[in-house]
Amino acid sequence: MNNTYMTVETTNLTGSVCFSMQSEEDTQNGAIVGKGDLISNEDSIYAALPDYTGGMYLVANPAWNYDDTRLVNQNEENYINKKNIPFRTYRLEKDMKFKIGNVETELEIGDFVEYKDGAYAKAAGESPLKVVNAEETGFPFFVGSYGVKVTGDTANEYGYALNTRVKKYTIQVV
C-alpha cells in the first residue's frame, strides 16, 4: 500500500438513498458513519457521527483531486474527504453489498466486522456487517534494480518489483 486511505466500490448498493454529510475530522471513503442533525444554516447537509447504531451510512464520495499535474493524484487510494467539507454517503440496508480495499486488518470470508476508530476490525461477535468475499487484485511489476523485493516473496519469484497488489473485501449488511 502506498498510504492508508481506503477505497470503496458501490456497485451493489442498488436503491440506496444518498445523503450529504460532513465531519469535523478527515474521513476515509469506505467509513461507516451515523447521521446526525442538519448542519447549522444548511438544509440538506447532515453531521456525520461516529456512532452508527441508529443507522449505517457508507462514505463513498467520488475520489477526485483537483491537482491534476500528476496522474497518480487521481488514484482512489490517494483520496480522503477533508474535514468540514460535505461528502456523499449511502444509507445501508439489509442485503446490500459494498467492497472496500486498502484495509489494514486481514479479514476472511465469514468474518463479522465493525467500523470503529477509523478502521475496520473483526467484531467480537455477530454484527450487521459480514465479509462475503475476499479477492486480491493488482500485481507486482518488474522495474529492474530500482524496485524492492516483494513482501512474502521468499523464493524471489518477482525479483525487484513494485507491488501493486491489494486485497479487496465484499461486505454485506446482514
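For the structure itself, look to the data block above.
I will try to describe carefully the structure that is included in this document. (Residues numbered from 1 in each chain as written. Predicted model: local features only at pLDDT ≥ 70, side-chain atom pairs only at ≥ 80, totals over all residues. Heavy atoms only, no water.)

## Topic: the layout of surface pockets
Moving on, step 1. Within this model, the second largest pocket holds a volume of roughly 260 Å³.
Moving on, step 2. Lining of the second largest pocket is provided by 14 residues; of these, Glu25, Thr27, Val33, Pro50 and Tyr115 occupy positions nearest its centre.
Moving on, step 3. Looking at the lining of the second largest pocket, the elements with two or more residues in it are strand E3 (32–38) and strand E4 (45–49).
Moving on, step 4. Across the lining of the second largest pocket, the residue classes tally to seven nonpolar, four polar and three charged. (1 Å grid on protein atoms, 1.4 Å probe; cavity = no way out; pocket = protein on both sides within 12 Å on 5 of 7 lines; lining within 4 Å. Points joined across faces, edges and corners; volume = space filled by probe spheres on them. Helix = DSSP H or I, 4+ residues; strand = E, 2+ residues; numbered from the N terminus. Nonpolar A, V, L, I, M, F, W, Y, C, P; charged D, E, K, R; others polar.)

## Points about the side chain of Thr89
Moving on, step 1. Mapped onto the secondary structure, Thr89 falls in strand E6 (residues 87–91).
Moving on, step 2. Classification of Thr89 as buried rests on a relative accessible area of 0%.
Moving on, step 3. Setting aside residues no more than four positions away along its own chain, Thr89 makes contact with Val17, Cys18, Phe19, Met21, Val33, Tyr57, Leu58 and Val59. (Buried < 20%, exposed > 50% of the residue type's maximum accessible area, 1.4 Å probe, protein only. Contact = heavy atoms within 4.5 Å.)

## Details of the packing of aromatic side chains
Moving on, step 1. Considering all chains together, one arrives at three aromatic pairs under this definition.
Moving on, step 2. Residues Phe19 and Tyr57 carry aromatic rings whose centres are separated by 5.5 Å and whose planes lie at 85 degrees to one another, so their mutual orientation is edge-to-face. With Phe19 in strand E2 (residues 18–22) and Tyr57 in strand E5 (residues 57–59), this residue pair connects regions lying 38 residues apart in the sequence. This pair shows no difference in class: Phe19 is buried, exactly as Tyr57 is.
Moving on, step 3. Consider the rings of Tyr115 and Tyr120, whose centres lie 5.0 Å apart with planes at 65 degrees: the pair is edge-to-face. Across this residue pair, the class does not change: Tyr115 and Tyr120 are buried. (Phe/Tyr/Trp six-rings, centres within 6.5 Å; stacked < 30°, edge-to-face > 60°.)

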